[in-house]
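Chain residues, written in single-letter form:
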Amino acid sequence: MGKIAFVFPGQGSQTVGMGKDAAEQHEGAKAIFDKADERLGFSLSEVIFEGPQDRLTLTTNAQPALLTTSSALLQGLKEAGIQADYTAGHSLGEYSALVAAGAISFEDAVYAVRRRGELMEEAVPAGEGSMAAVLGMDREALKEVTDQVTSDGNPVQLANMNCPGQIVISGTAEGVDKASVLAKEKGAKRVLPLQVSGPFHSSLMKPAAEKFGDVLNGIEVKNAEIPVVANVTAKPMSEASDIKEKLIEQLYSPVLWEDTVETMLKNGVDTFIEIGPGKVLSGLIKKVDRSAKTYSVQDMESLNAVLASLKEESQ
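Residues numbered from 1 in each chain as written. Predicted model: local features only at pLDDT ≥ 70, side-chain atom pairs only at ≥ 80, totals over all residues. Heavy atoms only, no water.

Attention now moves to the overall build of the protein. Broken down by element type, the protein carries 14 helices and ten strands. For 315 residues, the compact-globule estimate of 2.2 N^0.38 gives 20 Å, and the protein sits close to it at 19 Å. Projected onto the principal axes, the alpha-carbon positions of the protein cover approximately 55 × 45 × 35 Å. In the protein, which comprises 315 residues, the share counted as buried stands at 55%. In the protein, 74% of the contacts between residues at least 6 apart in sequence involve partners at least 24 apart. For the protein, the exposed area adds up to about 13,100 Å²; of that, 47% sits on carbon and sulfur atoms. Distance from the positive charge centre (30 side chains) to the negative charge centre (44 side chains) of the protein: 3 Å. (Helix = DSSP H or I, 4+ residues; strand = E, 2+ residues; numbered from the N terminus. Rg over C-alpha atoms; globule rule 2.2 N^0.38 Å. Buried < 20%, exposed > 50% of the residue type's maximum accessible area, 1.4 Å probe, protein only. Contact = heavy atoms within 4.5 Å. Areas by Shrake-Rupley, 256 points an atom, 1.4 Å probe, with all protein chains shown as cover. Lys, Arg positive; Asp, Glu negative; His and termini not counted. Charge placed at Lys NZ, Arg CZ, Asp CG, Glu CD.)

Between side chains of opposite charge, a pair can form as their charged atoms come close. Applying the stated criterion across every chain, the model contains 15 salt bridges. Here Asp-34 makes a salt bridge to Lys-30, at a shortest N to O gap of 2.9 Å. In this pair, Asp-34 and Lys-30 both sit in helix H2 (residues 27-40), four residues apart, roughly one turn of the helix. Between Asp-270 and Lys-293 there is a salt bridge, and its shortest N-O distance comes to 4.0 Å. Highlighted residues: Asp-270 in strand S9 (residues 269-275) and Lys-293 in strand S10 (residues 293-297), separated in sequence by 23 residues. On the accessibility criterion, Asp-270 (26% relative accessible area) is partly exposed. (Salt bridge = Lys/Arg side-chain N within 4 Å of Asp/Glu carboxyl O.)

Now the structure itself:
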């Protein structure tokens, strides 16, 4: 067996009830949900387990909720002695990856992402910014489109390079609309508006990034025990100072997910374990490299199935 990477999903994967069976069946997982409630001073676990969905989907709740669920499910892998050679997360998922790598304590991370969500919402009032997924167009061609629309006074840019043929754009609502129309004219197969509350990973998030630096200065960031592949550079990082810098840049920079997967593949990773709700990242990884092995740990049932498969492979 080659190397293993733990990968963690970002905003958009949240569902009401996620992690509930883990909290009920696994002491380590329950402890994580309890720590989240205590650190945030309200029952986040109630929002996660009972919803409603629109309350869970608010950026300020979705971000700590996903981090908490992923960290809770991670406990099951840790207890079974499964170790990663690399970690990475998509956007918000980078915080789960840093917790898994020992760079930030769970309690500090859950506080930081709650504040991150608040600052992102403050930076651009709901409705003024948006994001859309552009399918079937390459980076260079799409960048020409976004540059053109931006130079006409409607800021929009490439936000997530997810996999070949799937790129998310982000910016002002008008900028995203205009770029969507132009992208289709220039050959994009489809453009799908995303259900998000703001223009994440765009220059409009710079005011949030400036304030977020203070949040990071208020928590302890340590050197990572295992390399975390950064969204911003798609290169492994482990120095505490580097981690802080990249987390600030990440707010307004594109998420280089396709490149991140490539980096891990080049470094000998052949097994990716997605930890958290949904299978979005597993799907994207397969589009980058068909031969990569992907596993998804979404609940106790899938955790047990993954542990059984890994045990079989190692024999």
